[in-house]
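# Reading the structure
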Amino acid sequence: EVQLVESGGGLVQPGRSLKLSCAASGFTFSNYGMHWIRQAPTKGLEWVASISPSGGSTYYRDSVKGRFTISRDNAKSTLYLQMDSLRSEDTATYYCARGYYPGITGDWFAYWGQGTLVTVSS
Amino acid sequence: DVQMTQSPSNLAASPGESVSINCKASKSISKYLAWYQQKPGKANKLLIYSGSTLQSGTPSRFSGSGSGTDFTLTIRNLEPEDFGLYYCQQHNEYPWTFGGGTKLELK
């Protein structure tokens, strides 16, 4: 059974940093593209970042480019999101998700975790 | 960015009824649309991808149709577990974008 478990969320002041983790199990992690998607309170879903199976290619939405870094440790089956220079508008539940097909990054979100809440406030 | 417009934003129905949710893209996305279900306390669930292909485990009462800019999710013979939030998402080009969501409520 595919399982994705996010951690690392919490309350952080504007301008500070936070690092999220997503522990994966139930599949060969190194074969799949992985993604972060967020949802602000009472709002819809918003894609944040994606990473290729090897980690060699990354993609970001414009509003987080230069502030967020997606990475992965295939030996630990773990996905990360380093979030720097946080803003109030980054407040959201952050979900990690696995791609559908092995070997590619640009497909859809086949499995999701339950999310971790990040609150950016002074 | 491709804008995805979902309608209606709210929908009330009774078990046994059929409902349709629409999703319109601001430009052609070919067949590359996915549908997800969101329920409190549960992981989001992929229902349909590539416009009309049911994800393994999705009940056959769900169906997807459309291509280009206009897509529809239809749920026939609603079951109590079908009530929740539904989102469409285009997977044709970065940045991936979602519709605003449709809340399906019990009438």
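Quick look at the structure, then. Note that this is a predicted model, so its numbers are computed, not measured. Within every chain, residues take consecutive numbers counted from 1 along the sequence as written. Both sets of labels track the order of writing: A upward for chains, 1 upward for ligands. Confidence filtering applies because this is a predicted model: local features only for residues at pLDDT of at least 70, side-chain atom pairs given and counted only at 80 or more, and all residues used for totals across whole chains, interfaces and linings. Excluding hydrogens and water, the side-chain figures rest on all heavy atoms present in the structure.

## Some words on the pairing of strand β7 (residues 68-73) of chain A
All names here are of chain A. Side chains Phe 68, Ile 70 and Arg 72 project from β7 onto a buried face, and the interleaved Thr 69, Ser 71 and Asp 73 project onto a face without burial. Bridge count between β7 and strand β8 (residues 78-83): six bridges; the pairing is antiparallel. Each bridged residue has a counterpart across the sheet, and for Arg 72 the counterpart in β8 is Leu 79. Two strands are said to pair when DSSP picks up at least two bridges between them. Each helix corresponds to a stretch of at least 4 residues labelled H or I by DSSP, and each strand to a stretch of at least 2 residues labelled E; elements are numbered beginning at the N terminus. In this antiparallel pair of consecutive strands, β7 and β8, the connection spans four residues, and Ser 77 shows a positive phi of 50°. Burial classes follow relative accessibility: with a 1.4 Å probe on protein chains only, a residue under 20% of its type's maximum area counts as buried, one over 50% as exposed, and anything between as partly exposed.

## What to know about the interface of chain B and chain A
Where interface size is given, it is often the accessible area lost as the parts come together that is meant. By definition in these notes, contact holds between two residues if any of their heavy atoms fall within 4.5 Å. With 18 residues of chain B at the interface, the matching set in chain A holds 23 residues. Between chain B and chain A, the buried area comes to about 1,700 Å², and carbon and sulfur atoms account for 59% of it. For chain B, the biggest contributors to the area lost against chain A are Tyr94(B), Trp96(B) and Phe98(B); these three give 33% of the whole. Polar contacts, as used here, are pairs of N or O atoms within 3.5 Å; protein pairs need one atom able to donate a hydrogen and one able to accept it. Residues neighboring in sequence count only if both atoms are side-chain atoms. Inspection of the chain B/chain A interface yields four residue pairs in polar contact (both at pLDDT 80 or more). Among the elements that take part in the side of chain B that touches chain A, strand β4 (residues 33-38) of chain B stands out by supplying three residues, more than any other. Defined here as a combined quantity, buried area equals the accessible surface (1.4 Å probe) lost by two parts on assembly, summed across both.

## Details of the state of the cysteines
Disulfides are defined as pairs of cysteine sulfur atoms found within 2.5 Å of each other. Scanning all chains against the criterion turns up two disulfides over all chains. Disulfide pairing is shown between Cys22(A) and Cys96(A); the S-S distance is 1.9 Å. Linking Cys22(A) in strand β3 (residues 18-25) with Cys96(A) in strand β9 (residues 92-102), this pair joins segments that are 74 residues apart in sequence. Overall, the relative accessible area of 0% leaves Cys22(A) in the buried class. Its relative accessible area of 0% is what places Cys96(A) among the buried residues. A disulfide bridge connects Cys23(B) with Cys88(B), and the sulfur atoms are separated by 2.0 Å.

## Re the side chain of Thr78(A)
Residue and element names in this part refer to chain A. Along the chain, the position of Thr 78 falls in strand β8. A relative accessible area of 11% means that Thr 78 is categorised as buried. Looking at Thr 78, its side chain comes within polar contact range of the main-chain oxygen of Lys 76, at 2.8 Å. Excluding its chain neighbours within four sequence positions, the residues that come into contact with Thr 78 are Ser 21, Cys 22, Ala 23, Phe 29, Arg 72 and Asp 73.

## Structural notes on the pairing of strand β7 (residues 62-67) of chain B
All names here are of chain B. Across six bridges, the pairing between β7 and strand β8 (residues 70-75) is antiparallel. When the sheet's bridge partners are listed, Gly 64 is paired in β8 with Leu 73. Hairpin connection between β7 and β8: a loop of two residues separates the two successive antiparallel strands, and Gly 68 in this loop has a positive phi of roughly 80°.

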